[in-house]
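Notes for the structure review
Okay, here's what each chain looks like letter by letter:
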Amino acid sequence: MTALPPVWDQLVGQEELAATLAAAVAEPGRLTHAYLFTGPPGSGRSNAARAFAAALQCPEGGCGECRSCRTVANGSHSDVEVVNTAGLSIGVGDARELALLAAHHPTVGAWRVLLVEDADRLTEQAADALLKGLEEPSPRTIWMLCAPSPQDVIVTIRSRCRQLALRTPPVEAVTELLVARGVDRAMAAWAARAAQSHIGVAGWLARDEEARTRRHRVTRIPAELSGLGDALRQAAALHDLATAEAQAVAEERDAAEKEELLRLNGADPTARTQPPAIRSQLNQLAKEQKARTTRRRRDVIDRTLVDLASVYRDALLIACGAASGDGEGPVQLVNVQAAPDLQRLAGTTSAEHLLLCLEEIDRARTRITENVAPLLALEAMLVAVHRLQGDLAVAGGRR
Ligand SMILES: [Zn+2]
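Counting from 1, residues in each chain are numbered in the order their sequence is written. Given that the model is predicted, a residue must reach a pLDDT of at least 70 before its local features are reported, and side-chain atom pairs must reach 80 or more before they are shown or counted; all residues, however, enter totals for whole chains, interfaces and linings. The basis for the side-chain values is all heavy atoms of the structure; hydrogens and waters are excluded.

1. Details of the pattern of salt bridges
- Take a side-chain nitrogen of Lys or Arg and a carboxyl oxygen of Asp or Glu: if they are within 4 Å of each other, that pair is a salt bridge. Under the counting rule described, the total for this entry stands at 17 salt bridges.
- Across the pair Glu260 and Arg263 runs a salt bridge, and its minimum N-O distance is 3.0 Å. Of the two residues, Glu260 and Arg263 are both situated in helix 11 (residues 228-264); the distance of three residues between them amounts to about one turn of the helix. Strands are runs of DSSP state E lasting at least two residues, helices are runs of H or I lasting at least four, and both sets are numbered from the N terminus onward.

This is how it looks when you write it as structure tokens:
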């Protein structure tokens, strides 16, 4: 197989997909006007779409260095429109704008690319508005939608797209990516495994000590659940950690955005009251920022639950003999460092109950996406898990 253009190198563990898309770029007769990229969070859906967009705009099919490649990568290419949702949904206004753009020819590039990063967050009305653009695009428009799975996208939209599935990249490939970005090899290997191949999370764990500390605290929870009071305290602690993390990210950016808005309107940022026209813009901005923080907090809580589940999954592997506490065995543990804790958990809780613990965590994740207050969902989950844990220890009279 001949080497693909360099722009495809940034995809991790997606060789087949990259080859398919590179071939389509080389032979435009194979292109279609709408693609749906699906894959688990962190598999690199939007990276894949961006690489595809760069390959389409680049005269060399994705050299990675020319002006087209660079402007697509940094989001400033005038014919590549990227919609990334800060809030919990994409509204009808954004969708209408995109549908309008779809009807126009590109201005500088060969193609007009419309990239929707979270197509699963389109409201029903927004999806309807978008459909028009999907049905009648200009011949030089290409839609790229991204979502966790095809089922997350409204069927009328899904059926008009060619579907491309990304796979979870192997831990080794994510490790190599981090090493190439300058992360120490031992840290890269640990982060790739702890993040369960989620590329973004792996990079974040590798560079942010607070993220590592949070993960460590989460993975200690099963060992520290000795009473009902612990379960409630730990739920509150988890919730506080996630809120603090979401807020820390938000505060700096929110203030900068507000200043920028005032500057663009020629307003005085130090004035105590602003003219009505600016006030309504400020209110709108505050609303968007609040939605973004809410989403970020939910994302952090979800990540936390994935981390917690990895502990029960590891203990379950040990309990059924698929892995040993020292990390040997046919299946690799995610939390090799926590081996003593894992072994204790596997020794005091039956495989059946470990499985039920995993189901409880899964239920909490679903409830949170269904708008149950996160703290309530976390409390219910940890109370249930606390009851399930340690059934063998009780039976053996050791507790
Ligand atoms: Zn290029």
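2. Some words on the coordination of the zinc ion
- Water is not part of the atom set, so a site may look incomplete; the donors themselves are N, O and S atoms within 2.8 Å of the metal, or 3.2 Å for Na, K and Ca. Here the zinc ion is held by the protein donor atoms Cys58 (SG), Cys63 (SG), Cys66 (SG) and Cys69 (SG), which lie 2.3 Å from it.
- Geometry at the zinc ion is tetrahedral, judged from the four donor atoms that bind it and their angles of 104 to 116° at the metal.
- Read from N- to C-terminus, the donor residues coordinating the zinc ion fall into the pattern C-x4-C-x2-C-x2-C. By the burial criterion, Cys63 is buried, and Cys69 matches it. For four-coordinate sites, all angles between 85 and 135 degrees define a tetrahedron; for four- and six-coordinate sites, opposite donors beyond 155 degrees with the remaining angles between 65 and 115 define square planar and octahedral shapes respectively, and all other cases count as irregular. A 1.4 Å probe rolled over the protein chains alone gives each residue an accessible area, and that area as a share of the maximum for its type sets the label: buried under 20%, exposed over 50%, partly exposed in between.

3. Focus on the nonpolar core
- What we call a nonpolar core is a set of buried Ala, Val, Leu, Ile, Met, Phe, Trp, Tyr and Cys residues that are connected through their side-chain atoms within 4.5 Å. By size, the foremost hydrophobic cluster in this structure holds 35 residues, and its most contacted members are Leu305, Leu308, Tyr312, Met381 and Leu382.
- Those elements that place two or more of their residues in this core are helix 10 (209-224), helix 11, helix 12 (276-319), helix 13 (339-348), helix 14 (351-369) and helix 15 (374-388).
- When residues in this core are grouped by element, the largest group, eleven residues, is from helix 12.
- Residues in contact with Leu308, not counting those within four places in the same chain, are Val218, Ile221, Pro222, Ile361, Met381 and Leu382.
- If you look at the next biggest cluster of nonpolar residues, it comprises 30 residues, including Leu31, Val80, Ile142 and Met144. Contacts were defined at the residue level, with two residues in contact if any of their heavy atoms lie within 4.5 Å.

4. Comments concerning the packing of aromatic side chains
- A pair of Phe, Tyr and Trp rings is counted when the ring centres sit within 6.5 Å of each other, with Trp represented by its six-membered ring. The angle between the planes then sorts it: under 30 degrees is stacked, over 60 is edge-to-face, the rest tilted. Counting across every chain of the model gives three aromatic pairs.
- A centroid spacing of 5.0 Å and a plane angle of 90° characterise the contact between Tyr35 and Phe52, whose relative ring orientation is edge-to-face. You can see Tyr35 sitting in strand 1 (residues 34-38) and its partner Phe52 sitting in helix 2 (residues 45-57), a full 17 residues away along the chain. Accessibility assignment for this pair places Tyr35 and Phe52 in one class, buried.
- With centroids separated by 6.4 Å and ring planes inclined at 65°, the aromatic side chains of Phe37 and Phe52 adopt a geometry described as edge-to-face. On the criterion of sequence distance, the pair formed by Phe37 in strand 1 and Phe52 in helix 2 is long-range, its members being 15 residues apart. In this pair, the class of Phe37 matches that of Phe52, namely buried.

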